[in-house]
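Chain by chain, the residues run as shown.
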Amino acid sequence: MQLNPNCIRLEQNYLFSEIALRVRSFQAGHPEKEILSLGINDVTRPLAPAVCEAMAAASREMQHAETFHGYGAVEGEPFLREAVSGYYRQHGVRVDPDDVFIGDGAKSDLSNLCDLFLPECTVLLPDPVYPVFYDTSVMAGRRILFSRGSRENGFLPMPDDSIDADLVYLCSPNNPTGAVYSRAQLRRWVEYAHAKGACIIYDAAYEAYIRSAALPRSIYEIAGAETCAIEVSSFSKMAGFTGVRCSWVIVPGALTQGGQSLQRLWRRRQSTKYNGTSYIVQRGAAAVFTAAGQRQVRGDVSCYMENAGLIRSALRKSGVFSTGGEHAPYVWMECPNGMRSWDCFDSLLSRYGIVSAPGAGFGAGGEGWIRFSSFGSRETTKKAAEKLANIEWDAFSVFAGGRY
Ligand code: PLP
């Protein structure tokens, strides 16, 4: 057999597996210590009642021959594609339902989109960034370049015209930094993509967390994006679908390269490798866009954003530098005293039982930073925030007693 060398090139451990491993090892040695997790990507609030009712009704439909659903349309059910289009309309963005493709999660969509582009093409990734952009690019065998986020540029790297990229990934609101591009900044990226003939893959998985109309929720708010950008979004963080699985990809009909329609290619790809998202799940997803569904899921998002507020205030009180958490469920903290991310992670865990996500796991640009997630319960977040607020960072250093 011959193995794919690109898979072998991947790092041994996926970030969150390594975090889980370290937490387990700490717990084994200190079963009496309370663990306060601000590390996870996963949501903790239950599904909205409107979603559950819709899925229960859909499952009852499946019980009767007259209303049973077998294979559905590979692009997704028309009712959900219309509902997604309507959601964009509410925010003043025109997206044709025909341009909407329903998937089973943004992670799979992001990775499946790799099929549309030449494996060895050049990809420009923000650093730090959601690890899936990097790992899927490594697996595809791409040439990878980075645009570096830093405290100086507010973790919003801008295009460098001397770099020629075929594919550009952008994530706004950003995981892990919580930074959000302005319209003017996105305009620059759209101009760059046009100048280079590049395609932007825009990850809007956290758009529901944007609290200000002054910030763009979609790349299609920028004129010209429909001819250079694909947008990926998900019900996971806007409506707690991490365990249900549903997402959407916008591939505009106007997006072409060398006379080829990317929408046609994506449909062709999907019809070969995908058999559609579960009907029951799509009914649940459509309920997210009803008046009751929106009220309920927005309540959950507000609750997470209050958690982010608690974390931000605690860090501000303690005097350490942090950013994010205003239009995103992630707060991004600079490790004190020049500490490295994993050392800071280990010290927070050993001393306070607080689990974070080390910035270094999101790329070299994340070294020296830590991410706190606001997806924990209110009780956990409050307890952790109380501890964080009282840390004396000047005296905070690598835990003296070894790792744990
Ligand atoms: N994109 C970003 C930026 C994310 O942070 C995540 C999940 O954490 C995803 C995509 C994947 O979401 P999904 O649950 O839809 O696969």
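Higher on the page you've got the structure.
How each quantity is defined
Residue positions are counted from 1 within each chain, in the order its sequence is given. Since the coordinates come from a predicted model, pLDDT governs what is reported: local features require at least 70, and pairs of side-chain atoms require 80 or more to be given and counted, while whole-chain, interface and lining totals use all residues. The side-chain figures draw on all heavy atoms in the structure; neither hydrogens nor water molecules are used. In this text, near means that some heavy atom of the residue lies within 4 Å of the molecule or strand in question. Whenever a nitrogen or oxygen atom comes within 3.5 Å of another N or O atom, the pair is scored as a polar contact, on the condition that within protein one atom can donate a hydrogen and the other can accept it, and that pairs from neighbouring residues in sequence are kept only if both atoms are in side chains. Note that accessible areas follow from Shrake-Rupley with a 1.4 Å probe, and for residues the cover is restricted to the protein chains shown. In this description a helix means any DSSP run of H or I spanning at least four residues, a strand means any run of E spanning at least two, and both kinds are numbered starting from the N terminus. Residues are sorted three ways: Asp, Glu, Lys and Arg are charged, Ala, Val, Leu, Ile, Met, Phe, Trp, Tyr, Cys and Pro are nonpolar, and all the rest, Gly among them, are polar. A pair of sulfur atoms, both from cysteines and within 2.5 Å, is called a disulfide here. The span one expects for a helix is its residue count, reduced by one, times 1.5 Å. For the exposure calls, accessible area comes from a 1.4 Å probe over protein chains only, and a residue counts as buried if that area is under 20% of its type's maximum, exposed if over 50%, partly exposed in between. Working note: the arc is built from the helix axis to C-beta atom directions. Any two residues whose heavy atoms approach within 4.5 Å at even a single point are treated as in contact. Think of a 1 Å grid over just the protein atoms. A cavity is a set of points where a 1.4 Å probe fits yet cannot get out, a pocket is an open set with protein on both sides within 12 Å along at least five of seven lines, and lining residues have an atom within 4 Å of a point. Grid points are joined across faces, edges and corners, and a volume is the space filled by probe spheres set on the points. By convention here, the domain bounds are inherited from an automatic or database domain assignment. When the centres of two rings from Phe, Tyr and Trp lie within 6.5 Å, Trp using its six-membered ring, the rings pair. Their planes under 30 degrees apart give stacked, over 60 give edge-to-face, and anything left gives tilted. Structural elements are reduced to axes, namely lines fitted to C-alpha atoms, with helices fitted over the stretch in contact, and the angle between N-to-C directions of any two is expressed from 0 to 180 degrees. Crossing handedness is defined as follows: a turn of the near helix away from the far one that is anticlockwise and smaller than a right angle gives a left-handed crossing, while the clockwise case is right-handed. At least two DSSP bridges between two strands are required for those strands to pair.

Close to the ligand lie 14 residues; A106, D203, Y206, S234 and S236 are nearest. D203 is positioned such that a nitrogen or oxygen atom in its side chain is 2.6 Å from a nitrogen atom of the ligand. Look at the ligand: alone it shows 400 Å² of surface, and the protein chains cover 94% of it. Within the residue set of the shell around the ligand, elements represented by two or more residues are α5 (106-112) and α8 (236-239). Of the residues assigned to the shell around the ligand, the class counts are five nonpolar, five polar and four charged.

This part covers the state of the cysteines. A full pass over the atoms with the stated rule returns zero disulfides. Lacking any disulfide linkage, C171 is separated from the closest cysteine sulfur, that of C114, by 15 Å.

Before going further, it helps to spend a moment on helix α2 (residues 15-29). Since there are 3.6 residues in each turn of an α-helix, residues three or four apart along the chain are aligned in direction. Look at α2: 22 Å from first C-alpha to last across 15 residues, which is about the 21 Å you get at 1.5 Å a residue. Within α2, the full set of buried residues consists of L15, F16, E18, I19, R22, V23 and F26. Down the axis of α2, the smallest arc covering the buried residues is 160°, so these residues share one side. Those residues of α2 that are exposed and angled more than 90 degrees off the buried face are R24 and A28. If you follow the buried residues of α2, they end up packed against α12 (341-352), β13 (354-355), β14 (357-358) and β15 (369-373).

Estimated volume of the largest pocket: approximately 660 Å³. For the largest pocket, the lining is made up of 28 residues, of which E11, P131, Y134, D135 and G361 are closest to its centre. Going through the elements one at a time, α2, α5, β3 (122-127) and α6 (131-140) are the ones with two or more residues in the lining of the largest pocket. Residues from two domains meet in the lining of the largest pocket; each of domain 1 (5-46 + 294-393) and domain 2 (49-292) gives at least three.

This part covers the packing of aromatic side chains. By the definition in use, this model includes 25 aromatic pairs. Residues Y87 and W248 carry aromatic rings whose centres are separated by 6.3 Å and whose planes lie at 80° to one another, so their mutual orientation is edge-to-face. With Y87 in helix α4 (residues 78-90) and W248 in strand β8 (residues 247-250), the pair connects residues that are 161 residues apart, well separated along the chain. When the centroid spacing of 5.0 Å and the interplanar angle of 85° are considered together, the rings of Y304 and F375 count as edge-to-face.

Here we come to the packing of α2 against α12. Here α2 crosses α12 at 35°, and the two axes come no closer than 11 Å. The handedness of the crossing between α2 and α12 is right-handed. Where α2 approaches α12, its residues L15, E18, I19, R22, V23 and F26 are matched on the opposing element by W342, F345, D346, L349 and S350.

The next subject is the sheet that holds β15. Strands sit in the order β11-β12-β15-β14 across an open sheet of four strands; the sheet is antiparallel. Each of the sheet's edge strands pairs with one partner strand only, and the pair in question is β11 (322-324) and β14. Summarising the sheet, β11 and strand β12 (residues 330-334) pair through three bridges and their orientation is antiparallel. In the strand pairing of β12, S322 is matched with M333. The strands touched by α12 within the sheet are β12, β14 and β15, with β15 carrying the most contacts at an inclination of about 50°.

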